[in-house]
Every structure is written in structure tokens, then in C-alpha cells.
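What the coordinates show
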Amino acid sequence: MAPVKRIGIITSGGDCGGLNAVIKGIAREAYALGIESVIIPNGYAGLYNLIDLDEVVFLNEERVSHIDATLAGSEAGHSRVKVKKIEDDNKYKRIKEGLKKFGIDALIISGGDDTGSVVVDLSSQNIPCIHVPKTMDIDLQPYSVGGDSAVNMISVFGRNLKTTGMSHNRVLVLEVFGRYVGHTAFRGGVGAEADCILIPEIPVDFDIVYEHIKKTYFPRVERSDVKAGTYLIVVAEGIKTASGELLYDESAGVDAFGHKKLAGAGKYVRQQLEKRLKNDPDVISFMKKTGMYVPGVYKIPEVREVTPGHLVRSGHSSSYDVNFGYKAGAAAVMLLLEGKTGNTVLNVEGEKIYYQPTGDAIKRREVNLQEVTLFESLGICFGRETQKFKYEFIEEKEAIKRYM
Ligand code: F6P
């Protein structure tokens, strides 16, 4: 690999927390080592169109100081473009010409599984690149910047929703981003002290959810001296039936990568619960006992779905993501200078920089169902019969690997 004098920075896929820290980490490490870094704007769309740009932004000390690492989103901009799918036979040549035009020797690219697959693709086209893991979905093998920010945001939304939920005695269904895995719903739901968490890894049995509502929410309202109570369900957008069909609104279409846009899981959950509430003779006596029954107006407790959507990845980054982003960005520069192209930064621990081939790092990681059973034993419903938490004790003889 030729010596690297100028690095191009790309952020790609859906934006999230921590990305501006990644950019600052790259830029500051680069100029500390006497090399330059520039922004290639708007993800892979910008990479493809680099040749037509008049200029790129140099991240010198002054420019970097204007980037706020605590803000979510990315100063470099995003797009969802799979380079392989661009309908242009000369796409790789065009990209290389664009890089040459601006004297860019190598790329540091932050993104999730789709972005990572393009890192593998570009590396095989002899474009040196390093991947920094990023996705609020937390579905890569290593930790990915943006995950902690999203989880914190979901926890805050869930907790805040309880005030309005309590005021109206509603069952609230909070539908959250996370694609085909349930990490964000699981961790955010626990953080919000949700009563029930529904994730794609566990096909939902709505009769069990309903029984849990009757066992927890009904007595909660009955016991309250002011007859107030709420029940919070956090549902991942990608929940499925037992046969693996997604419970979503098909009219939402597909995104630029060709993935289904997931939406409608919350609505589906609401409809399932309303159906059961209407058909259950016990509900009228609960409504009467709690003073909620009004003939012709309130026969069942209200169920409402709330969909924060993109708000979950907006606003500010968590401090954890700012820390991780800075470290991972700086480490990516070091890996690049060492010629370790086609790799993903995993973590920096003391003086050790961990990395792995990008093709391995982007393999999908699902929620660990053994860990779910621990939370089931603590009373959270996951839409199935509670499973026993099986555990073993391990005395650690070597240093524990941690991310913080
Ligand atoms: O992959 C990140 C993510 O936020 C998913 O959780 C969500 O399904 C998707 O992106 C939404 O994408 P877009 O911003 O293209 O609507």
C-alpha cells in the first residue's frame, strides 16, 4: 500500500449518536500524525460523485473545532447506496478518479452491515479502507457507535410516556427502530422499566401478553388510591410471527438498499390487545371497580401506540458513544497507517487496538436469549411462557475484556 498522506472520511447508512466523535477522532489523530483528512460528503453517493465536486472540506484544527462531538447525526452527511448496485459499468473507475482528483489515498468509513459490505467491496477493488462500526441497531459483532445513545433515548421516552399513561390509565405501546433484531427494544425497555418487551428473536404470543396485562396492570390500577396506572410495552419494529413473517405495514415500501421499511408493529400490537380486551368479560368489572367505566364511551382501557421513529437517533450522543467514537476514530487512523485495509475497529483497551476483518464484523448478532430469561425471572413479559434462567459461575483468572 502506498503511504497515506490524506484520508477521506465517509459516514454511511442511517445516522446515529457518536458519529461526530468518530470524525473528530479521525481528524485529530490524523493531524497529530502529520497527515490530512477531508470529508467526503453524503456517504457513498458523495464518493460516487466526488469527481464532480469543486472542493472538499479539510478537517484542519480550526474546522474540527466547529464540530460538536456531543451532537448526534454526522457532519459528513449520509446516504444509503450500495456501490455494487449503481447502474454504471465504470463506477469503480469513477470513484478512483474522484479520489485521485483530491489526492485521497485511503478511506475511513463508519457504518453498519450494509456500509461494511461496501468496505469489503471497495477493499477488493484496491481502495484502501478501514471500517468503524456504527449502528443504533447494535446488530454487528462488535459494539457499534450509536447504540448506547439510542438505548438511552428509548429509556427516556419510555419513562416520560408513563406520566401521560398514568393520567389516562392507558396501555402504551412504544414502537422503536432496531431492524431485524431486538437489542434497542430490549435494553431501552429495561432502562424504561417497561412491563413488556417484544423483540424479533421471540415470536409473540399475544394471549400471554394479555394475561400479563391482567395480572399486573389491572391490580396496579385497582390498588392505587387514585385509581391510576399504566402498562408500558416496548416493541421492536421487526417483530415476527412464529413462522417468521414480519408484523409490519407492507405499504411502507423499501429503502435505497432494497430493505423493507419497517413500520406498523406498534399498531399491530394495539389491535391484538384491543381485540382481547373487548372479548374479555372480566374487563367490564375491572372498569367498574376502578371508576373507569362510562357506558358508550369507555368500555375498555385505551391502548395507544407511540412511534418516535427517527427521534431515537436524533439530538445528542451519550457520553459513552462520544468516548467510543473518539477512540474508534483514532484507532482507525492507526490501522490504516499500518496498512490493515479491509478491517473493522473493535475497541481500544489500554494500549491494545482490537480489530477484525470487516466481513466477519458485520455478521448479524441477535439478542442473547439466555440473558432475556434473567429479565423474565424478574417479571418482564417477553410475549412467551417465562423460561428459567440457567446460569453457571465462572471465576475469571485473566483480565476481563470490557468496553468501558
Ligand atoms: O439501521 C438504522 C435504522 O435507524 C433502523 O433502525 C431503521 O429501521 C432504519 O434505519 C430507518 O431508516 P431510514 O432513516 O432510511 O428511514
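Whatever comes next refers back to the structure up there.
This report concerns the structure included in the present document. All residue numbers refer to positions counted from 1 along the written sequence of the respective chain. Given that the model is predicted, a residue must reach a pLDDT of at least 70 before its local features are reported, and side-chain atom pairs must reach 80 or more before they are shown or counted; all residues, however, enter totals for whole chains, interfaces and linings. As a convention, hydrogens and water are excluded, and side-chain values are obtained from all of the structure's heavy atoms.

1. Observations regarding the overall build of the protein
Helix numbers and strand numbers start at the N terminus; a helix is a DSSP run of H or I with at least 4 residues, a strand a run of E with at least 2. Regarding its fold elements, the protein presents 13 helices and 11 strands. Projected onto its principal axes, the C-alpha coordinates of the protein cover approximately 75 × 55 × 40 Å. With 404 residues in all, the protein has 54% of them scored as buried. A contact between two residues is defined here by any heavy atoms of the two lying within 4.5 Å. Intrachain contacts of the protein at a sequence separation of at least 6 include 73% that bridge at least 24 residues. In the structure as shown, the protein presents an accessible area of about 18,700 Å², 50% of it carried by carbon and sulfur atoms. Classification of residues uses two cut-offs on accessible area relative to the type maximum, computed with a 1.4 Å probe and protein chains only: under 20% is buried, over 50% is exposed, and between them is partly exposed. Each accessible area value is a Shrake-Rupley result obtained with a 1.4 Å probe; residue values ignore everything except the protein chains displayed when judging cover.

2. Side note on the side chain of Arg-170
Counting through the fold element by element, Arg-170 comes out in the loop between α6 (147-168) and β6 (171-176). Setting aside residues no more than four positions away along its own chain, Arg-170 makes contact with Gly-165, Tyr-217, Gly-229, Thr-230, Tyr-231, Glu-302 and Arg-304.

3. Some words on the packing of helix α8 (residues 206-223) against helix α9 (residues 265-279)
Geometrically, a packed helix pair is captured by the angle between its two axes and the distance between the axes. Fitting a line to C-alpha atoms yields each axis, with helices limited to the stretch in contact; the angle taken between N-to-C directions then spans 0 to 180 degrees. Taken N-terminus to C-terminus, the directions of α8 and α9 make an angle of 70°; their axes are 10 Å apart at the nearest point. Classified by the interaxial angle, the pair formed by α8 and α9 is roughly perpendicular. Between α8 and α9 lies a crossing whose hand is right-handed. Within the contact between the two elements, α8 uses Phe-206, Asp-207, Val-209, Tyr-210, Ile-213 and Phe-218 and α9 uses Tyr-268, Val-269, Gln-272, Leu-273, Arg-276 and Leu-277. Note on angle classes: values under 35 degrees are labelled roughly parallel, values over 145 roughly antiparallel, values of 65 to 115 roughly perpendicular, and the remainder oblique. A crossing counts as left-handed when the near helix is turned anticlockwise from the far one by less than a right angle, and as right-handed when that turn is clockwise.

4. Topic: the nonpolar core
Burial of nonpolar side chains together is a common tendency in soluble globular proteins. Remark: nonpolar core denotes a set of buried residues (Ala, Val, Leu, Ile, Met, Phe, Trp, Tyr, Cys) joined through side-chain atoms within 4.5 Å. Counting 32 residues, the largest nonpolar core has Ile-7, Leu-59, Ile-108, Ile-130, Val-132 and Val-345 as the members making the most contacts within it. Put simply, the parts of the chain that give this core at least two residues each are β1 (6-11), α1 (19-32), β4 (106-111), β5 (129-133), α11 (319-337) and β10 (343-349). The biggest single contributor to this core is α11, with 8 residues. Excluding residues that lie within four positions of it along the chain, Val-345 makes contacts with Ile-130, His-131, Val-132, Pro-133, Ala-328, Ala-331, Ala-332, Leu-335, Tyr-354 and Tyr-355. Core analysis: the next-biggest nonpolar cluster, separate from the first, contains 29 residues, Ile-208, Val-283, Met-292 and Ile-300 among them.

5. Considerations on the packing of aromatic side chains
Two aromatic rings are characterised by how far apart their centres lie and by the angle between their planes. Only centres within 6.5 Å qualify two rings of Phe, Tyr or Trp (six-membered ring in Trp) as a pair; their planes then separate them into stacked at under 30 degrees, edge-to-face at over 60, and tilted for everything else. Evaluated as defined, the whole model comprises 10 aromatic pairs. Taking the centre distance of 5.8 Å and the plane angle of 75° together, the rings of Phe-186 and Phe-382 count as edge-to-face. Of this pair, Phe-186 sits in helix α7 (residues 183-191) while Phe-382 sits in the segment after α13 (369-377); the two residues are 196 residues apart in sequence, bridging distant segments of the chain. For the pair formed by Phe-186 and Phe-382, the shared burial category is buried. With centroids separated by 5.4 Å and ring planes inclined at 35°, the aromatic side chains of Phe-389 and Tyr-391 adopt a geometry described as tilted. Judged by its relative accessible area of 26%, Phe-389 falls in the partly exposed class. The structure contains a cluster of three or more aromatic residues connected by ring pairs, namely Tyr-143, Tyr-320 and Phe-324. Between Arg-94 and the ring centre of Tyr-48, over which it is positioned, the NZ or CZ distance is 4.4 Å. Criterion for a charge above a ring: Arg CZ or Lys NZ at most 6 Å from the ring centre, at most 35 degrees from the ring normal.

6. A look at the sheet that holds strand β8 (residues 231-236)
A sheet is described by the order of its strands in space; here 4 strands give the open sequence β7-β8-β6-β9, paired in parallel fashion. Every interior strand has two partners, whereas the edge strands, β7 (196-198) and β9 (303-306), have only one. Each strand of the sheet is rotated relative to its neighbour by a mean of 20°, with strand direction disregarded. Paired strands, as defined in this entry, are two strands with at least two bridges between them according to DSSP. In the sheet, β6 pairs with β9 via 4 bridges, with the strands oriented parallel. Note on β9: the bridge partner recorded for Val-173 is Glu-305. α6 rests against β6, β8 and β9 of the sheet, and its axis sits at about 160° to β6. Across the sheet, α8 lies against β6, β7 and β8, angled at about 150° from β8, the strand it touches most.

7. Quick look at a nonpolar patch on the surface
Residues forming no salt bridge and having over 30% relative accessible area are the ones grouped into patches, like charges within 9 Å of each other and nonpolar side chains (Val, Leu, Ile, Met, Phe, Trp, Tyr) within 5 Å. Between Lys or Arg on one side and Asp or Glu on the other, a salt bridge is scored when a side-chain nitrogen of the former is within 4 Å of a carboxyl oxygen of the latter. Together, Leu-33, Met-334 and Leu-337 make up a nonpolar patch on the protein surface, roughly 240 Å² of accessible area in all. Note on placement: Leu-33 falls in the loop between α1 and β2 (36-39). Since its relative accessible area comes to 45%, Leu-33 is described here as partly exposed.

8. Details of the pairing of β5
Most of β5 is tucked away: 5 of the 5 residues are buried. Side chains Cys-129, His-131 and Pro-133 project from β5 onto one buried face, and the interleaved Ile-130 and Val-132 project onto a second face that is buried too. By the bridge criterion, 5 bridges tie β4 to β5 in an arrangement that is parallel. From the neighbouring strand, Ile-109 faces β5, where its bridge partner is His-131. Traced from β4 through helix α5 (residues 113-124) to β5, the parallel crossover comes out right-handed. Where β5 and β10 come together, 2 bridges link them in parallel fashion. Paired with Ile-130 across the bridge in β10 is Asn-343. The path from the first strand over the helix to the second decides the hand: if it runs clockwise while the strands point away from the viewer, the crossover is right-handed.

9. Comments concerning the environment of Ile-213
Within the secondary structure, Ile-213 sits in helix α8. Assessed through its relative accessible area of 2%, Ile-213 is described here as buried. In this structure, the C-alpha to C-alpha distance between Ile-213 and Lys-91, residues 122 residues apart in sequence, is 55 Å. Apart from residues no more than four positions distant in its own chain, Ile-213 is found in contact with Val-171, Phe-218, Tyr-231 and Leu-273.

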